[in-house]
Amino acid sequence: MTGKIESGQLCTVEPVDPATLAVGEIVLCKVKGREYLHLIKAIQGPRFQIGNNRGHINGWIAANSIFGRLTKVES
């Protein structure tokens, strides 16, 4: 399985209210000091479980670690 976003693609991210996010959306978030685009795999109250498109779960993050929602991907 390949990623939803390939290296070098231009991505547009817009600010988002974490309360409006849903499972399956891609968000820009900070994990251990680095910024990544990740899929939301689950939501539990104020926490979001993030992972990748290949089935890997990276863990839980707080809403304040989410900076925006992916809105567009270009080649």
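Structure first, text after, so check above.
The present account deals with the structure reproduced in this document. No experiment lies behind these values; they were computed from the predicted model shown.

## Digging into the nonpolar core
Core analysis: the biggest nonpolar cluster contains 10 residues, these being Val16, Leu21, Val27, Cys29, Val31, Ile40, Phe48, Ile50, Ile61 and Ile66. For this core, the secondary structure elements donating two or more residues are strand 2 (26-31) and strand 4 (47-51). The biggest single contributor to this core is strand 2, with 3 residues. In this structure, Cys29 is in contact with Arg34, Glu35, Tyr36, His38, Ile50, Ile61, Ser65, Ile66 and Phe67, ignoring residues within four places of it in sequence.

## Digging into the pattern of salt bridges
Following the criterion strictly, the structure yields 2 salt bridges and no others. Note that Glu25 and Arg69 form a salt bridge whose closest N and O atoms lie 2.7 Å from each other. Residue Glu25 is found in the loop between strand 1 (10-14) and strand 2, and its partner Arg69 is found in strand 6 (residues 66-74); the two are separated by 44 residues along the sequence. On the basis of relative accessible area, Arg69 is assigned to the partly exposed category, the value being 24%.

## Observations regarding the packing of aromatic side chains
Counted by the stated rule, this structure contains 0 aromatic pairs. We note Arg47 situated over the ring of Trp60; from NZ or CZ to the ring centre the distance is 4.2 Å.

## Looking at the sheet that holds strand 3 (residues 34-44)
Adjacent strands of a sheet form backbone hydrogen bonds with each other and so pair up, either parallel or antiparallel. Pairing is antiparallel across the open sheet formed by 6 strands, whose spatial order is 1-6-2-3-4-5. Two strands close off the open sheet at either side, each with one partner strand: strand 1 and strand 5 (57-62). Direction aside, the axes of adjacent strands within the sheet are offset by 50 degrees on average. Where strand 1 and strand 6 come together, 5 bridges link them in antiparallel fashion. Its bridge partner lying in strand 6, Leu10 is registered against Glu74.

What counts and how
Residues numbered from 1 in each chain as written. Predicted model: local features only at pLDDT ≥ 70, side-chain atom pairs only at ≥ 80, totals over all residues. Heavy atoms only, no water. Core = buried A, V, L, I, M, F, W, Y, C linked by side-chain atoms within 4.5 Å. Buried < 20%, exposed > 50% of the residue type's maximum accessible area, 1.4 Å probe, protein only. Helix = DSSP H or I, 4+ residues; strand = E, 2+ residues; numbered from the N terminus. Contact = heavy atoms within 4.5 Å. Salt bridge = Lys/Arg side-chain N within 4 Å of Asp/Glu carboxyl O. Phe/Tyr/Trp six-rings, centres within 6.5 Å; stacked < 30°, edge-to-face > 60°. Lys NZ or Arg CZ within 6 Å of the ring centre and 35° of its normal. Pairing = 2+ DSSP bridges. Axes fitted to C-alpha atoms, helices over the stretch in contact; angles between N-to-C directions.

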